[in-house]
Amino acid sequence: MKSKAEPIDRSLERLWGGEKHKSDTTGFGTTKQAQGLNREYREPLAAVIAADRTYGRRDKAAWHALKGMDNAALAIRLLVAGISVSENGDLGTD
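Residues numbered from 1 in each chain as written. Predicted model: local features only at pLDDT ≥ 70, side-chain atom pairs only at ≥ 80, totals over all residues. Heavy atoms only, no water.

### Concerning the environment of alanine 47
For step 1, the next point in the chain: Tracing the backbone shows alanine 47 in helix H2 (residues 32-55).
For step 2, the next point in the chain: Measuring from C-alpha to C-alpha, the distance between alanine 47 and alanine 75 comes to 9.1 Å, with 28 residues separating the pair along the chain. (Helix = DSSP H or I, 4+ residues; strand = E, 2+ residues; numbered from the N terminus.)

### Focus on the side chain of arginine 53
For step 1, the next point in the chain: Counting through the fold element by element, arginine 53 comes out in helix H2.
For step 2, the next point in the chain: Of the polar contacts made by the side chain of arginine 53, one reaches the backbone oxygen of methionine 69; its length is 3.0 Å.
For step 3, the next point in the chain: In this structure, arginine 53 is in contact with Trp63, Leu66, Lys67, Met69, Asn71 and Leu74, ignoring residues within four places of it in sequence. (Polar contact = N/O pair within 3.5 Å; in protein donor to acceptor, adjacent residues only side chain to side chain. Contact = heavy atoms within 4.5 Å.)

### Topic: the packing of H2 against helix H4 (residues 71-85)
In a pair of packed helices, the angle between the axes and the distance between the axes together describe the arrangement.
For step 1, the next point in the chain: Viewed as axis vectors pointing N to C, H2 and H4 meet at an angle of 125 degrees, and their least axial separation amounts to 7 Å. Here H2 is positioned oblique relative to H4, judged by the angle of their axes. The handedness of the crossing between H2 and H4 is right-handed. Taking contact as the criterion, the partners of Ala34, Leu37, Asn38, Tyr41, Arg42, Leu45, Ala46, Ile49, Ala50 and Arg53 in H2 are, on H4, Asn71, Ala72, Leu74, Ala75, Ile76, Leu78, Leu79, Val80 and Ile83.
For step 2, the next point in the chain: The class makeup of the residues in the contact of H2 with H4 is 15 nonpolar, two polar and two charged. (Axes fitted to C-alpha atoms, helices over the stretch in contact; angles between N-to-C directions. Parallel < 35°, antiparallel > 145°, perpendicular 65-115°, else oblique. Left-handed = near helix turned anticlockwise from the far one by under 90°. Nonpolar A, V, L, I, M, F, W, Y, C, P; charged D, E, K, R; others polar.)

### Thoughts on the environment of leucine 45
For step 1, the next point in the chain: As for its placement among the helices and strands, leucine 45 is situated in helix H2.
For step 2, the next point in the chain: Once the C-alpha coordinates of leucine 45 and leucine 79 are considered, the two residues, 34 residues apart in sequence, prove to be 8.7 Å apart.
For step 3, the next point in the chain: Look past the residues within four positions of leucine 45 in its chain and what remains in contact with it is Ala75, Leu78 and Leu79.

### A look at the nonpolar core
A general trend in soluble globular proteins is that nonpolar side chains are found buried together.
For step 1, the next point in the chain: Counting residues in each nonpolar core, the largest one holds five residues, listed as Ala46, Ile49, Trp63, Leu74 and Ala75.
For step 2, the next point in the chain: When residues of this core are traced back to their parent elements, those giving at least two are H2 and H4.
For step 3, the next point in the chain: When residues no more than four places from it in sequence are discounted, the contact partners of alanine 75 are Arg42, Leu45, Ala46 and Ile49. (Core = buried A, V, L, I, M, F, W, Y, C linked by side-chain atoms within 4.5 Å. Buried < 20%, exposed > 50% of the residue type's maximum accessible area, 1.4 Å probe, protein only.)

All quantities given are derived from atomic positions and should not be read as evidence of function.
Set out below in structure tokens:
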């Protein structure tokens, strides 16, 4: 007779396996754990980007290159990249 724990264990293995695969192929910044961090810090980071874009004109070349990008979209990309890089202490991404 099968116990009720077996289907749950299988489901957890499938969930963690999927997250591991996502982390290995696209970076840790795209996993469900990182999505939680993105939801929490996206708006504050977008506000900082907006303020820097408005008042911090030191890096005119960088802001010119990012001219068509929305502050929220830029915040998401920065968070995904930063989370991916800092996942296990290695410097660099895939």
